[in-house]
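Spelled out from the first residue to the last, the chains are:
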Amino acid sequence: MESILEQQRKAHEEIERLEQAIVDQFIKETKSVGLQHKERLIREHRVSDFLDRISSRSKFLHELYEDTDGARKTEIDALSGTSEFSEFYGRLKAIKDYHRRYPNETVEPLELEFINQSKQNGDDDEIDKLFSGEEGSGRFLDLHALHEQYVNLKNFKKTDYLTYLSEFDHFSDYPKEHKYNGEYLKYLKELKNYLESFFKRVKPLSNLDDIRNEAEREFNEKWAQGKVHGWEKQIGADDDSTDLFCVACKKAYSKKTVYDAHLKSKKHIKSAKSMIEKGITSVDSETYEKLKKEVDEGKDKREKEIAFTEALIQKYAEVLGSQREDTKANVERKRALTDRERRMELETEEVDDVESESEDEDKIYNPLKLPLGWDGKPIPYWLYKLHGLGVEYPCEICGNYVYMGRKAFDRHFQEWRHAHGMRCLGIPNTRHFHEITLIEDAYALWEKLKSTGKTDEFKADTMEEFEDQEGNVFNKKTYDDLKRQGLL
């Protein structure tokens, strides 16, 4: 069993490596614009998992540092007491005994976990499993099932799917008296749960609790003032319904006609009969007011629950506004496509996925920016140092071009760039100017060579050679003369 100090050390190391892994995720460059959305989702879900692990390890560390059972203090005292050497050798013996019993046990260092994490390719599949086909890896909302549920609600306006996407949070347009239906409340809760689930999947690093708390605070302020849109308090509304209260059924009514119809219903007759059987034929004003108050409180509680769920959905719809607009645009676009165009679109998406996988396979890890060898892979670092490819050799004559390595520097004196620079200076590119890279030095040496008569000026007429079709070699002057005479 590991000591408490070793457990603390491992927890600290894991937290530090998790923090570094988070930094590596954010500095990692995306491959292309078309894949940025999916890569962002993969990165954010990875970072979210890392943060969860940091939180759990920090909680574990906090419990160890609290040392409620005193085991940590006992261990430290044993290490710092008078018998520290015996304690050390005792622990060393325990470690040797363990490895003697399990000689072939493989141990994977903690850093390998994060190295392998960066090479994993299964994250794409995990992201695809999180979203349905209609959601398009988190780019669009999939409200088809909720739209169908909404259409089946009684006394609500029937709309098509595209209109529903624009109006599903316009709750003030719905009749208030129809919102007390249990099916409507069930629909609201399922819509709220879907938006919360979608938000967590598409924005794993955002805090949903903060958004909910903000919406609850704003809602409570407006509810206390009676200014919640669609649930405004009407002055004197309760006074009008004072006489429209059924004691037997413990239910209040806002309309006289509805109340009269209720008195003739079987439910009311059954409740009244049950009340008479219990010996209750009438109630005093105090009991009447108490029952009415209980009913009003229950009604207010139910109204507040429905209104708060609506406010929460409106807040989520506001946060997911970009996905909502993209969904409407996607639905409109798909409506205009033919069946053949839809199939072609699916085939294009499959090709893009295959290309992205091939890009991952072809990507070469080259953090030191080493030159590539004949096989297209970076050369070994020892070879890079052996040839001095890290040493820079600038040449002013070549326009301050920098050559990496001595071999490339020596070879460039016979190449076109250096020859062009010397030609621009009006100086012949002869062996005298080998190793000369500064313009001032080249002019000084050229003047010295001219003064001593050691110039090897290049004369094209006598030094430039030409070859005819039969392989005979002439200098330029002779070749031009023979050509003009038509002998070649």
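Residues numbered from 1 in each chain as written. Predicted model: local features only at pLDDT ≥ 70, side-chain atom pairs only at ≥ 80, totals over all residues. Heavy atoms only, no water.

Let me state the cut-off plainly: UniProt positions are given in the numbering used here, feature names are shortened, and annotations may be inferred rather than shown by experiment.
The chain is annotated in an unreviewed UniProt entry as Matrin-type domain-containing protein from Rhizophagus irregularis. Quoted verbatim from the Sequence similarities (unreviewed entry) field of the UniProt record, the comment on the chain reads "Belongs to the SF3A3 family." The record in UniProt for the chain states the following under Subcellular location (unreviewed entry): "Nucleus".

### A short note on the overall build of the chain
Note the threshold: Helix and strand definitions follow DSSP, with helices as H or I runs of at least four residues and strands as E runs of at least two, each counted in order from the N terminus. Accessible area is worked out with a 1.4 Å probe on protein chains only. A residue is then buried under 20% of its type maximum, exposed over 50%, and partly exposed in between. Note on definitions: a residue-residue contact is assigned when non-hydrogen atoms from the two residues lie within 4.5 Å. The protein chains shown are the only cover counted for residues, whose accessible areas, like all others here, come from Shrake-Rupley with a 1.4 Å probe.
Looking only at helices and strands, the chain features 22 helices and 6 strands. The burial tally for the chain puts 29% of its 488 residues in the buried class. Looking at the chain alone, contacts between residues at least 24 apart form 55% of all its contacts between residues at least 6 apart. Counting only carbon and sulfur atoms, one obtains 51% of the accessible surface of the chain, whose full area is about 33600 Å².

### Some points on the UniProt feature "domain: Matrin-type" (unreviewed entry) in the chain
Per the UniProt annotation, the sites labelled "domain: Matrin-type" (unreviewed entry) are residues 393-424. Helix and strand shares over residues 393-424 are 47% and 22% respectively, and the end C-alpha atoms of the span are 21 Å apart.

### Thoughts on the state of the cysteines
Stated precisely, the cut-off is as follows: Disulfide: a pair of cysteine sulfur atoms within 2.5 Å of each other.
Per the counting criterion, the structure on display carries 0 disulfides. Among the cysteines around Cys395, which has no disulfide bond, Cys398 carries the closest sulfur, lying 3.5 Å off.

### A few points about the side chain of Glu303
Summarising the element assignment, Glu303 is placed in helix H14 (residues 285-319). Assessed through its relative accessible area of 7%, Glu303 is described here as buried. Filtering out sequence-adjacent residues up to four positions away, Glu303 remains in contact with Lys176, Tyr180, Trp223 and Trp231.

### Notes on the pattern of salt bridges
The following threshold applies: What counts as a salt bridge is simple: a side-chain nitrogen of Lys or Arg found within 4 Å of a carboxyl oxygen of Asp or Glu.
Tallying each qualifying case throughout the model produces 29 salt bridges. Ionic contacts of the salt-bridge type, sharing partners, join the residues Glu6, Arg9, Glu13 and Arg17 into one network.

### Things to note about the side chain of Lys315
Threshold: Polar contact criterion, stated in full: a pair of N or O atoms within 3.5 Å, where within protein one must be able to donate a hydrogen and the other to accept it, and residues adjacent in sequence count only if both atoms are side-chain atoms.
Its place among the elements puts Lys315 in helix H14. Given a relative accessible area of 13%, Lys315 falls into the buried group. Among the polar contacts listed, one links the side chain of Lys315 to the side chain of Glu214, at a separation of 3.5 Å. Once residues lying within four places of it in the same chain are set aside, the contact partners of Lys315 are Ile211, Glu214, Ala215 and Glu218.

### As for the packing of aromatic side chains
Note the cut-off: Think of it this way: a Phe, Tyr or Trp ring, Trp meaning its six-membered ring, pairs with another when their centres are within 6.5 Å, and the plane angle makes it stacked under 30 degrees, edge-to-face over 60, tilted otherwise. Charges are assigned to positions over rings by a cutoff of 6 Å between ring centre and Lys NZ or Arg CZ, combined with an angular limit of 35 degrees from the ring normal.
The tally for this structure, following the rule as stated, stands at 21 aromatic pairs. Seen in terms of ring centroids, Phe171 and Tyr174 are 5.8 Å apart; in terms of plane orientation they differ by 85°. Their pairing is edge-to-face. Residue Tyr174 is classed as buried on the basis of its relative accessible area of 10%. Here the aromatic cluster, defined as three or more aromatic residues joined through ring pairs, consists of Tyr150, Phe156, Tyr164, Phe168, Phe171, Tyr174, Tyr184 and Tyr187. For Arg417, the ring lying beneath its charged end belongs to Tyr401, and the centroid distance is 4.0 Å.

### Overview of unusual backbone geometry
Phi angles above zero are rare outside glycine, and Asp67 is one such case at about 55°. Looking at where Asp67 falls in the secondary structure, it is placed in the loop between helix H2 (36-66) and helix H3 (71-80). Asp67 sits in the buried class, given a relative accessible area of 18%. Even without being glycine, Asn155 reaches a positive phi, approximately 65°. Mapped onto the elements, Asn155 comes out in the loop between helix H7 (144-151) and helix H8 (161-167).

### Observations concerning the nonpolar core
Threshold: We call a set of buried residues a nonpolar core when its members are Ala, Val, Leu, Ile, Met, Phe, Trp, Tyr or Cys and they connect through side-chain atoms within 4.5 Å of each other. Each domain's limits were defined by an automated method or a database of domain assignments.
Core analysis: the biggest nonpolar cluster contains 43 residues, and Leu143, Tyr164, Phe168, Tyr184, Tyr187, Leu191 and Leu195 have the highest contact counts within it. Sorting the residues of this core by element identifies H2, H7, H8, helix H9 (182-202), helix H10 (208-225) and H14 as the ones contributing at least two each. At 10 residues, H9 tops the list of elements feeding residues into this core. Composition of this core by domain shows at least three residues from each of domain 1 (4-129) and domain 2 (135-232 + 239-360). Ignoring anything within four residues of it in the chain, the contact list for Leu191 reads Leu143, Leu146, Tyr164, Phe168 and Ile313. Counting 14 residues, the second largest nonpolar core, distinct from the first, contains Leu425, Phe433, Ala442 and Trp446.

### A few points about the packing of H2 against H9
When two helices pack together, their arrangement is given by the angle between the helix axes and by the axis-to-axis distance. For clarity, the threshold we go by: Every axis corresponds to a line fitted to the C-alpha atoms, with the helix fit spanning only the stretch in contact, and the corresponding angles, defined between N-to-C directions, vary from 0 to 180 degrees. For classification purposes, an angle smaller than 35 degrees is called roughly parallel, one larger than 145 roughly antiparallel, one from 65 to 115 roughly perpendicular, and anything else oblique. Here the term charged refers only to Asp, Glu, Lys and Arg, the term nonpolar to Ala, Val, Leu, Ile, Met, Phe, Trp, Tyr, Cys and Pro, and the term polar to all other amino acids, Gly among them.
In the contact formed by H2 and H9, the axes pass within 9 Å of each other and the chain directions differ by 95°. Comparing their axes, H9 and H2 come out roughly perpendicular. Where H2 abuts H9, its residues Arg40, Leu41, Glu44 and His45 lie against Lys200, Arg201 and Val202. Its residues placed into classes, the contact of H2 with H9 shows 2 nonpolar, 1 polar and 4 charged.

### Some thoughts on the pairing of strand E3 (residues 392-395)
Each regular strand displays side chains that alternate between the two surfaces of the sheet. As a reminder of what qualifies: Two strands pair under a simple rule: DSSP has to find at least two bridges between them.
In this sheet, strand E4 (residues 401-404) lies alongside E3 in antiparallel orientation, the contact comprising 4 bridges. Bridge pairing in E4 places Glu392 opposite Met404. Connecting E3 to the next strand, E4, in antiparallel fashion are 5 residues, including Gly399 with a positive phi near 80°.

### What to know about the environment of His144
As for its position among the elements, His144 is in helix H7. It is 9.6 Å that separates the C-alpha atoms of His144 and Tyr164, two residues lying 20 residues apart in sequence. Ignoring anything within four residues of it in the chain, the contact list for His144 reads Glu134 and Tyr161.

### Overview of the confidence of the model for the chain
Stated formally: Along the chain, pLDDT gives the predictor's confidence residue by residue, from 0 to 100.
Summing up the model confidence of the chain, the mean pLDDT is 79 and the portion of residues at 70 or higher is 77%. Across the chain, the secondary-structure element scoring lowest on mean pLDDT is helix H11 (residues 237-240), at 46, and the one scoring highest is E3, at 92. This stretch, residues 235-242, has a pLDDT under 50; its non-local contacts, to residues over four places away or in other chains, come to 5 contacts.

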